[in-house]
Every structure is written in C-alpha cells, then in structure tokens.
Amino acid sequence: FPKELQEKAMKELTQLLTRADACGKKIADFKKETNDRKLNAIMAEALEAIKGAETKVKAHAEVAKVFSEDLNSVTEEAIKDAMEKAPDLEKEAAAAMTEAKKEVATKQREAKGNTAINAMQKLQGRLKVASDELMKNKKASTYGDKLIKGKEALAEEMGNVDKAEAEVAKVEKLAEPVAAVDNPTDEECAELGDAIVSAQNSIKA
C-alpha cells in the first residue's frame with residue numbers, strides 16, 4: 001500500500017479504537033452504576049431491619065442495665081420496675097433480631113460480587129454485636145430476684161451495724177461515770193454490764 005494510504009488507514013483505525021475504548025468505558029460505568037443501584041436496594045432493606053433490631057436491643061439494654069449496677073447505687077424500686085419491663089422488651093428485641101437475620105440471609109443470597117459480599121459481611125458483624133448485647137443483658141435480667149434479696153440483706157446488715165454502733169456508744173456513755181469514781185454503785189455496774197452484753201450481741205448478730 002502507498003505510504004499516504006497506510007497513514008490514512010492507521011489514523012482512521014486509531015480513531016475507531018479510541019471511540020471503541022470510550023464506548024467500552026461507558027458500558028463498564030453503566031454496569032457499575034447498575035450494580036451499585038442493585039446493591040444499594042439490597043442493602044437498604046437489610047440495613048433498615050438491622051437498625052430496627054439495634055433500636056430494640058438498645059431499649060432493652062437501657063432497662064436491663066440496672067441489673068449490673070452496684071447494690072449501693074440502685075434502689076429496690078428500680079430493680080422491680082426493670083424486672084417488670086425487661087421481659088416484654090426482651091421479646092421485642094429477640095423478634096426484631098430474628099427478622100433482621102432472615103432479611104440479611106435473604107439479601108445475602110442475592111448479593112453478587114466481592115463488593116456486595118463484603119457489604120453483607122459488615123451487616124452480619126453488626127448483627128452479631130447486637131445479638132451478643134441482647135444475650136448479655138438477658139443473662140443479667142435473671143439476677144433480678146437475687147438483687148432484691150441482696151438489697152434486703154444489705155439493709156438488714158446496715159441496720160445491725162447501726163444498732164451495734166448505738167449499743168457501743170451507750171456503753172461508752174455509761175462507762176464515763178463509772179470510770180470517774182472509785183466505788184461505782186451496784187446499779188451503775190449492773191447497767192454497764194447489761195449494756196456491754198447487749199453491745200456484744202449486736203456485734204455478733
């Protein structure tokens with residue numbers, strides 16, 4: 001072929017290749033956008049279900065946290081209130097978790113490609129965190145009765161301590177006049193003796 005014809009042909013071929021590359025890029029971009037839209041649609045429903053479950057788990061955790069608090073910082077009324085509310089909130093959270101797991105499992109079967117699979121794995125991770133939180137608080141909720149008994153025992157013990165301290169103070173007060181004289185009366189000695197015995201019994205209680 002003549003040189004001029006070869007150059008013309010190469011120029012036209014280069015232009016065609018450029019146009020072909022541009023078309024190929026547009027097709028690739030279109031496929032990516034389509035896949036992204038499909039993934040977003042899949043993710044949206046699964047994500048909505050997970051958010052709903054997380055909200056229910058958080059509501060249960062807010063009530064159940066009282067079961068993990070120190071006995072001195074929580075009232076018996078607060079424990080009883082939590083015991084009354086926790087079961088229903090736990091059922092709601094468990095039901096929401098079950099629905100979320102079903103939704104994620106369904107969408108996971110529809111997910112195609114590494115991007116979709118990675119996105120679904122992240123959702124699975126969020127589900128596990130919520131599930132672990134629910135199980136932890138569910139276990140804590142079983143301690144309600146024990147906490148109330150603990151509060152009652154603590155109150156009784158504090159009462160015994162207060163009583164013992166009062167008896168000891170009484171002994172100290174009675175001992176002052178006895179110690180101040182050389183010959184205390186029999187009545188003073190008897191009263192002091194009774195007070196000492198009473199204080200000893202209170203301390204042993």
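Remember, predicted model here, so these are calculated numbers, not experimental data. For every chain, the first residue of its written sequence is number 1, and the numbers climb from 1 along that sequence. Owing to the predicted nature of the model, reporting of local features is limited to residues with pLDDT of at least 70; listing and counting of side-chain atom pairs is limited to 80 or more, with chain, interface and lining totals taken over all residues. Water and hydrogen atoms play no part in the side-chain values, which are based on all heavy atoms of the structure.

A word on the overall build of the protein
From N to C terminus, the protein includes five helices and zero strands. Exposure categories follow from relative accessible area, calculated using a 1.4 Å probe and restricted to protein chains: below 20% of the type maximum is buried, above 50% is exposed, and the middle band is partly exposed. Expressed as a percentage of the 205 residues in the protein, the buried residues total 23%. Residue pairs at least 24 apart in sequence account for 79% of intrachain contacts in the protein once pairs closer than 6 positions are excluded. Computed with a 1.4 Å probe, the accessible areas rest on the Shrake-Rupley method; for each residue, only the protein chains presented here act as cover. Carbon together with sulfur atoms contributes 56% to the accessible area of the protein, which is approximately 14700 Å² in total. Numbering of helices and strands starts at the N terminus; helices are DSSP runs of H or I of at least 4 residues and strands are runs of E of at least 2. Note on definitions: a residue-residue contact is assigned when non-hydrogen atoms from the two residues lie within 4.5 Å.

Regarding the side chain of Asn137
Looking at the element boundaries, Asn137 is found in helix H3 (residues 113-141). Judged by relative accessible area, Asn137 falls into the buried class, the value being 6%. What Asn137 contacts, discounting residues up to four positions off in sequence, is His60, Ala61 and Ala64.

So, the pattern of salt bridges
A side chain of one charge can pair with a side chain of the opposite charge if their charged atoms are brought near each other. Salt bridges are defined as contacts in which a side-chain nitrogen from Lys or Arg sits within 4 Å of a carboxyl oxygen from Asp or Glu. Applying the stated criterion to the full structure yields nine salt bridges. As a salt-bridge pair, Glu92 and Lys56 come within 3.5 Å of each other at their nearest N and O atoms. Of this pair, Glu92 sits in helix H2 (residues 76-110) while Lys56 sits in helix H1 (residues 3-64); the two residues are 36 residues apart in sequence, bridging distant segments of the chain. What makes Glu92 partly exposed here is its relative accessible area of 38%. Here Glu103 and Lys107 are joined by a salt bridge, their closest N and O atoms 3.7 Å apart. Residue Glu103 and its partner Lys107 are located together in helix H2, separated by four residues, close to a single helical turn. Exposure remark for Glu103: the relative accessible area of 23% places this residue in the partly exposed category. Given a relative accessible area of 9%, Lys107 falls into the buried group. When salt bridges with common partners are traced through the structure, they connect Glu45, Glu103 and Lys107 into a single cluster.

Focus: the nonpolar core
By convention a nonpolar core is built from buried Ala, Val, Leu, Ile, Met, Phe, Trp, Tyr and Cys residues, the set being connected through side-chain atoms within 4.5 Å. Counting 19 residues, the largest nonpolar core has Ile50, Val57, Met97, Val104, Met120, Leu123 and Leu127 as the members making the most contacts within it. Mapped onto this core, the elements with two or more residues apiece are H1, H2 and H3. With seven residues, H3 is the largest single contributor of residues to this core. When sequence neighbours within four positions are dropped, the list of residues in contact with Leu123 reads Met43, Ala46, Leu47 and Ile50. Ala64, Val66, Ile79 and Ala140 belong to the second largest nonpolar core, which has nine residues in total.

Focus: the packing of H2 against H3
Comment: axis = line fitted to C-alpha atoms, over the contacting stretch for helices; angle = value between 0 and 180 degrees taken between N-to-C directions. Where H2 meets H3, the axes come as close as 11 Å, and the angle between the chain directions of the two elements is 160°. Regarding the angle of H2 to H3, the classification is roughly antiparallel. Crossing handedness for the pair H2 and H3: left-handed. Facing H2, whose interface residues are Ala86, Glu90, Ala93, Ala94, Met97, Ala100, Lys101, Val104, Lys107 and Gln108, H3 presents Met120, Gln124, Leu127, Ala130, Ser131, Leu134, Lys138 and Ser141. Considered class by class, the residues forming the contact of H2 with H3 number 10 nonpolar, four polar and four charged. In these notes the angle categories are as follows: under 35 degrees is roughly parallel, over 145 is roughly antiparallel, 65 to 115 is roughly perpendicular, and the rest is oblique. Crossings are sorted by hand: turned counterclockwise from the far helix by less than a right angle, the near helix makes the crossing left-handed, and turned clockwise it makes it right-handed. Side-chain classes follow a simple rule in which Ala, Val, Leu, Ile, Met, Phe, Trp, Tyr, Cys and Pro form the nonpolar group, Asp, Glu, Lys and Arg form the charged group, and the remainder, Gly included, forms the polar group.

Some points on the environment of Leu127
By the element assignment, Leu127 lies in helix H3. For the pair Leu127 and Ala100, spaced 27 residues apart in sequence, the C-alpha separation works out to 7.8 Å. Dropping the residues within four chain positions of it, Leu127 is found in contact with Ile50, Met97, Ala100, Lys101 and Val104.

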